[in-house]
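Architecture and fold: a report
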Amino acid sequence: MNKRKTNVALDSAKFVAAIMVVAIHTNAFKDINIKFYNFCSYCIFTFAVPFFFICSGYFLGKKIGRSKNTTEYKNLITQYALRLLYPYLIWGIWYFTITCALNIIRHSNTPLKIITYQLKLWIVSSPGGGLWYIQTVLILLLILYIDGNKKHIATYTIIGTLLTLIPSLCEQLKDKVYLFDRIQTAYFDVFLTELNFLWWGAYFLIGIVLAIRGANFINLFARHRKLYFVISYCIYIFVYFMCGKNIVLQSMKLLVSVILFITILNLRLSINSEISINLRKMSTIIYFSHFTFIYIVQIVFKFIGLEYGTHLTLAWIICCAAVVFYSFLVVYMKGNTLMRLYERK
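What counts, and where the lines are drawn
- Residues numbered from 1 in each chain as written.
- Predicted model: local features only at pLDDT ≥ 70, side-chain atom pairs only at ≥ 80, totals over all residues.
- Heavy atoms only, no water.
- Helix = DSSP H or I, 4+ residues; strand = E, 2+ residues; numbered from the N terminus.
- Buried < 20%, exposed > 50% of the residue type's maximum accessible area, 1.4 Å probe, protein only.
- Contact = heavy atoms within 4.5 Å.
- Phe/Tyr/Trp six-rings, centres within 6.5 Å; stacked < 30°, edge-to-face > 60°.
- Lys NZ or Arg CZ within 6 Å of the ring centre and 35° of its normal.
- Disulfide = S-S within 2.5 Å.
- Patch = residues over 30% accessible without salt bridge, like charges linked within 9 Å, V, L, I, M, F, W, Y side chains within 5 Å.
- Areas by Shrake-Rupley, 256 points an atom, 1.4 Å probe, with all protein chains shown as cover.
- Salt bridge = Lys/Arg side-chain N within 4 Å of Asp/Glu carboxyl O.
- Core = buried A, V, L, I, M, F, W, Y, C linked by side-chain atoms within 4.5 Å.
- Axes fitted to C-alpha atoms, helices over the stretch in contact; angles between N-to-C directions.
- Left-handed = near helix turned anticlockwise from the far one by under 90°.
- Nonpolar A, V, L, I, M, F, W, Y, C, P; charged D, E, K, R; others polar.

1. Side note on the environment of Leu-314
Along the chain, the position of Leu-314 falls in helix α14 (residues 312-332). Leu-314 gets classed as partly exposed once you look at its relative accessible area, which sits at 37%. Placed 283 residues apart in sequence, Leu-314 and Asp-31 show a C-alpha to C-alpha distance of 9.4 Å. For Leu-314, the residues in contact, after removing those within four places along its chain, are Phe-301 and Leu-306.

2. Regarding the packing of aromatic side chains
A complete count under the given rule lists 32 aromatic pairs for this structure. Plain terms: the ring middles of Phe-29 and Phe-45 are 6.4 Å apart, the flat faces sit at 20° to each other, and that makes the pair stacked. Of this pair, Phe-29 sits in the loop between α1 (8-26) and α2 (34-43) while Phe-45 sits in the loop between α2 and α3 (48-64); the two residues are 16 residues apart in sequence, bridging distant segments of the chain. Consider the rings of Tyr-95 and Phe-291, whose centres lie 6.0 Å apart with planes at 75°: the pair is edge-to-face. Residue Tyr-95 is located in helix α4 (residues 70-105), and its partner Phe-291 is located in helix α13 (residues 273-304); the two are separated by 196 residues in the primary sequence. When its relative accessible area of 1% is taken as the criterion, Tyr-95 is described as buried. Exposure remark for Phe-291: the relative accessible area of 14% places this residue in the buried category. A cation over a ring is seen here: Lys-74 above Tyr-145, with NZ or CZ 4.8 Å from the ring centre.

3. Quick word on the state of the cysteines
Two cysteines form a disulfide when their sulfur atoms are joined by a covalent bond. What the rule picks out here adds up to 0 disulfides. As a non-bridged cysteine, Cys-320 has Cys-319 as the owner of its nearest cysteine sulfur, 7.1 Å distant. On the basis of relative accessible area, Cys-320 is assigned to the buried category, the value being 9%.

4. Describing a nonpolar patch on the surface
Nonpolar side chains collect at one region of the surface, where Leu-269, Ile-271, Ile-275, Phe-325, Phe-328, Leu-329, Tyr-332 and Met-333 lie side by side and expose about 690 Å² of accessible area between them. Among the elements that line the nonpolar patch, the one with the most residues is α14, at 4 residues. Structurally, Phe-328 can be placed in helix α14. Judged by its relative accessible area of 40%, Phe-328 falls in the partly exposed class.

5. Side note on the nonpolar core
Ranked by internal contacts, the top residues of the largest apolar core, which has 103 residues, are Phe-53, Leu-141, Phe-204 and Phe-261. It is α4 that provides the largest number of residues to this core, a total of 13 residues.

6. So, unusual backbone geometry
One non-glycine residue, Asn-27, lies in the positive phi region at around 55°. Asn-27 gets classed as partly exposed once you look at its relative accessible area, which sits at 26%.

7. Re the pattern of salt bridges
Note on pairing: side chains with opposite charge can pair once their charged atoms come close. Evaluated as defined, the whole model comprises 1 salt bridge. For Asp-11, the salt bridge goes to Arg-280, with nearest N and O atoms at 3.0 Å. Residue Asp-11 is found in helix α1, and its partner Arg-280 is found in helix α13; the two are separated by 269 residues along the sequence.

8. Side note on the packing of helix α7 (residues 153-173) against helix α9 (residues 197-213)
Two elements in contact, α7 and α9, have axes separated by 7 Å at closest approach and are oriented at 145°. Between α7 and α9 lies a crossing of left-handed hand. Taking contact as the criterion, the partners of Ile-153, Ala-154, Tyr-156, Thr-157, Gly-160, Thr-161, Leu-163, Thr-164, Ile-166 and Pro-167 in α7 are, on α9, Leu-198, Trp-199, Ala-202, Tyr-203, Leu-205, Ile-206, Ile-208, Val-209, Ile-212 and Arg-213. Of the residues contributing to the contact of α7 with α9, the split by class is 15 nonpolar, 4 polar and 1 charged.

By themselves, these observations are geometric and do not establish any function.
Here it is in structure tokens:
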């Protein structure tokens, strides 16, 4: 049996969060009821990606928090970055290629313009727009490496948190203050999307700070973590229904995401550690592979004459079943080499 140390609750939550990510990318429930879809998207699924960011930051923070000097600090960052870079390049090239090919087949634009746009999207977000989570972490690791001082992480976290609130602020004030409309327009002209390190990096950095300096904060919330989570989540739901998407909701999202992580971190589940580790591996496989299965389902639907846009929930169910089964085979099937697509041996 695998004796590696693991947190069963976090590993299990990663698997559930991976399924939620698939739901986000397939627009699950949008074809059934738009209000139910919006509720699921902004009140449930929306916490999946922040959880992944905080989790990644926390476990990196546990390591770099023990570093004794700048060299050791930078070496830990380098090792973590290289571990992510390996599957990122493999799947990045694949998604860049398939996205370009699909857009060319659809005649959405000239091949040169399609390739140029996808290259720009790769630079500002991620290849094919699907691996922005990994690219965000890699860019932040580069910033931390260049800075070389772990004492500055808290400062970067504050800056990142303020940046996270800017899109909501611009959206809220763009019709009232001309400046915010110009800022939003100028941003999207350059970055194309909000899915990048500017707006999402705070969650990763918060995870690092929680590991390095947040012991007292975690202990404070750990004692009544479930109560704090229920209260904060209820406030979040109230703000969503009363005010919609605004800067207050985004602020509450940050708070709820942190308390949710702390709640799961201190949760005790009776699951075998080997199963727990395999669930973690499956969540990684699901993350990297699920877009491929979404593309396959889109192609199959078109081939059999089924309108994808009106069968989004069915697409989510099929994609989930397929990618979970595939990830299970990769992890549990003896002698296969597919795991090399996701981690370097």
